[in-house]
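Understanding the architecture of this molecule
Spelled out from the first residue to the last, the chains are:
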Amino acid sequence: MPLFAQSFIAPGGRISDYSGPLIVDSFPIQVNGLSGHLGDGFGLGKVCITIIHPRVSDIKVELQSPDGSTIWLTNRNGGAEARDYYQACFRMNGFSGYIHQANPPFVNGEYIPDGRMSFLNNGQNPNGTWWLRIRDLREGETGTLNSFTLHFEEGDYSDEKQRPCNENYPEACQCPDLTDSCDLLPDFIILERFTRSQIKEYPFDHPYYGGQLRFAATIANIGDGPMETRGSDRWYCGEEEVVQNSICPDWEYPRQVLTQRIYHLADGQLSWEDRRAGFNYYDDKPGHDHFHVDDWVEFRLVKEEEEKQPTIIAEGRKVSYCLFDTGICNNADSLCTWQGQVFGEKNLSNYGFGHYASCNAEQQGISVGGYDTYGMLYEGQYLQLPKGLASGEYWLEIEIDPLQLFYEKDRSNNLFRMPVVIEHQEQ
């Protein structure tokens, strides 16, 4: 039987500053002497880190288990002036709340990480080498990992609250209105609490983000089936078909034709069809180095005046995202709310359908009840404000799938709007 609780601690080392090429500092910790497997009844309960760094919004911290599964603990959180993680711990239900919504300093708290710890508590053998991987994504400051600790404990570390609907258990799946046959389509919404808690206008003369309105965007799937993309292994530079490892004439990576897998339920059995839907490509920008789905969201700043047509003041490029579950909705914390209704395991009949833990070329997605978060300081999460923009009230718009490349249950909830006050630009 597993021990009731056991902790493993390892020293760290220097964290390399970003200098153009992406550097990953990897710190090992050896786990041995544990019996059983990680999941129901016993699991990785908590991860604690002490990082001394003058600007922790530069860094991304991941934990990799012996079977190769990886989750984000924290990714560029805290704001531009935050420093240090001092005995900051990450737990599935951390009492200090979500790390991306927490206010620094990050000292002696227990935070909910940016990734899902259930992806590590997946039935694997816990013994072997674990790795803490740290990437510094902006030059100018360096830091040190002093130490990190893994705590293994008895308890229920699965976040699936009911028997999941999936290909192996089609009898657990349900159609809307309890009909006998249907397509199980996703339904995308913006979780407004993330955006409202992570939005900031930077003055025109800010040294790093001059004249930018930066904000988070979190997309949840509250539909009947997963959002799942599949790679076709057909790659293009413009109109020319090429092999995957080609470099296009503009020094970009080729685009891969995607399909969207649509699941169909009939008489208690699941089948599927793969339908053409957009492209993905390899994104080598700092903090990414993985595959992104093209044209996933669009950002706009709009000015509304009486008796006039709304004017688009600033418009972001159609931002590509890596699609995977960074978290999952539950009814208890009211995080996944749309028009006053809270979504989670109690009212999403196929809750948990899908399992998307990484950003690869072959498969990405967002499970039923899952959500995908892009924080305020991630690449592309901003609108560049025009020089001399007048102070006043505007509207921020975030639209999911603006080109309507993907099939979903309801498009009427794809647009999120909130008022913003602009007051720090040069007049």
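Conventions used here
- Residues numbered from 1 in each chain as written.
- Predicted model: local features only at pLDDT ≥ 70, side-chain atom pairs only at ≥ 80, totals over all residues.
- Heavy atoms only, no water.
- Pairing = 2+ DSSP bridges.
- Helix = DSSP H or I, 4+ residues; strand = E, 2+ residues; numbered from the N terminus.
- Axes fitted to C-alpha atoms, helices over the stretch in contact; angles between N-to-C directions.
- Core = buried A, V, L, I, M, F, W, Y, C linked by side-chain atoms within 4.5 Å.
- Buried < 20%, exposed > 50% of the residue type's maximum accessible area, 1.4 Å probe, protein only.
- Salt bridge = Lys/Arg side-chain N within 4 Å of Asp/Glu carboxyl O.
- 1 Å grid on protein atoms, 1.4 Å probe; cavity = no way out; pocket = protein on both sides within 12 Å on 5 of 7 lines; lining within 4 Å.
- Points joined across faces, edges and corners; volume = space filled by probe spheres on them.
- Disulfide = S-S within 2.5 Å.
- Patch = residues over 30% accessible without salt bridge, like charges linked within 9 Å, V, L, I, M, F, W, Y side chains within 5 Å.
- Areas by Shrake-Rupley, 256 points an atom, 1.4 Å probe, with all protein chains shown as cover.
- Phe/Tyr/Trp six-rings, centres within 6.5 Å; stacked < 30°, edge-to-face > 60°.
- Lys NZ or Arg CZ within 6 Å of the ring centre and 35° of its normal.

**Some details on the sheet that holds strand 9 (residues 128-136)**
- The strand order 2-9-4-5 describes an open sheet built from four strands, whose pairing is antiparallel. Single-partner strands in this sheet number two, and they are strand 2 (25-31) and strand 5 (70-75). Neighbour-to-neighbour, the strand axes of this sheet turn through a mean angle of 20 degrees, independent of strand direction.
- Strand direction decides the pairing type here: strand 2 and strand 9, joined by seven bridges, are antiparallel. Bridge pairing in strand 9 places Ser26 opposite Arg133.

**Re the nonpolar core**
- In terms of nonpolar packing, the biggest core is built from 38 residues, with Ile219, Trp296, Phe299, Leu301, Tyr321 and Ile398 touching the most fellow members.
- Sorting the residues of this core by element identifies strand 12 (188-190), strand 14 (212-215), strand 15 (217-221), strand 20 (290-303), strand 22 (319-321), strand 29 (392-400) and strand 30 (415-422) as the ones contributing at least two each.
- Element by element, the count of residues in this core is highest for strand 20, at five residues.
- Core analysis: the next-biggest nonpolar cluster, separate from the first, contains 37 residues, Phe8, Ala10, Ala102 and Phe106 among them.

**Details of the pattern of salt bridges**
- For the coordinates displayed, the defined rule picks out 25 salt bridges.
- Between Glu379 and Arg76 there is a salt bridge, with its nearest N and O atoms 2.5 Å apart. Here the residue Glu379 occupies a position in the loop between strand 27 (370-374) and strand 28 (382-384), and Arg76 occupies one in the loop between strand 5 and strand 6 (85-91), the gap between them amounting to 303 residues.
- The residue Glu252 makes a salt bridge to Arg255 at a minimum N-O spacing of 3.5 Å.
- Accessibility expressed as a relative area gives 41% for Glu252, which makes it partly exposed.
- When salt bridges with common partners are traced through the structure, they connect Glu298, Arg300, Glu304, Glu397, Glu399 and Arg417 into a single cluster.

**Points about the layout of surface pockets**
- Volume-wise, the second largest pocket comes out at about 350 Å³.
- Around the second largest pocket sit 21 residues that line it, and Met92, Asn93, Tyr98, Ile328 and Asn330 are the ones nearest its centre.

**Focus: the state of the cysteines**
- Evaluated as defined, the whole model comprises six disulfides.
- Bridging Cys165 to Cys173, the disulfide has an S-S length of 1.9 Å. Linking Cys165 and Cys173, the disulfide has an S-S dihedral of approximately 90 degrees and is accordingly described as right-handed.
- Exposure remark for Cys165: the relative accessible area of 1% places this residue in the buried category.
- Disulfide pairing places Cys329 opposite Cys336 at an S-S distance of 2.0 Å. On the S-S bond that ties Cys329 to Cys336, the torsion sits near -85 degrees, and the link is left-handed.
- By relative accessible area, Cys336 is classed as buried at 0%.

**Section: the sheet that holds strand 28**
- Read from one edge to the other, the open sheet built from three strands follows the order 13-14-28, with strand pairing classed as antiparallel. Every other strand in the sheet has two partners, leaving strand 13 (199-201) and strand 28 as the edge strands with one partner each. Averaged over all adjacent pairs, the angle separating strand axes in this sheet is 10 degrees, with direction ignored.
- With three bridges connecting them, strand 14 and strand 28 associate as antiparallel partners. Its bridge partner lying in strand 28, Leu213 is registered against Leu383.

**A few points about a nonpolar patch on the surface**
- On the surface, Ile52, Tyr86 and Val107 cluster together to form a nonpolar patch covering roughly 250 Å² of accessible area.
- Along the chain, Tyr86 falls in strand 6.
- Tyr86 gets classed as partly exposed once you look at its relative accessible area, which sits at 45%.

**Focus: the packing of aromatic side chains**
- Counted according to the given criterion, the structure contains 22 aromatic pairs.
- With a centroid separation of 5.2 Å and an interplanar angle of 75 degrees, the aromatic rings of Trp72 and Phe324 are classed as edge-to-face. One end of the pair, Trp72, is in strand 5; the other, Phe324, is in the loop between strand 22 and strand 23 (327-328), with 252 residues separating them in the sequence. The same class applies to Trp72 and to Phe324, which are both buried.
- Connected via pairs of aromatic rings, a cluster forms that spans Trp72, Tyr321, Phe324, Tyr374 and Tyr378.
- In this arrangement the basic side chain of Arg138 is found over the ring face of Tyr208, its NZ or CZ atom lying 4.1 Å from the centre.

**Quick word on the environment of Lys387**
- Tracing the sequence through the fold places Lys387 in the loop between strand 28 and strand 29.
- Owing to a relative accessible area of 87%, Lys387 belongs among the exposed residues under this scheme.
- C-alpha separation for the pair Lys387 and Gly211, spaced 176 residues apart in sequence, amounts to 7.6 Å.

**Things to note about unusual backbone geometry**
- Here the amide bond leading from Pro104 into Pro105 is cis, since omega sits at 5 degrees, within 30 degrees of zero.
- For Pro105, the location among the structural elements is in the loop between strand 6 and strand 7 (106-107).
- Phi angles above zero are rare outside glycine, and Leu178 is one such case at about 60 degrees.
- Tracing the backbone through its elements, the reader meets Leu178 in the loop between strand 10 (143-156) and strand 11 (181-184).
- Looking at Leu178, the relative accessible area reads 65%, which means it is exposed.
- Although it is not a glycine, Gln339 adopts a positive phi angle of roughly 50 degrees.
- Residue classification places Gln339 among the exposed residues on the basis of a relative accessible area of 72%.

Fair warning: the whole summary comes from geometry, so function is off the table for now.
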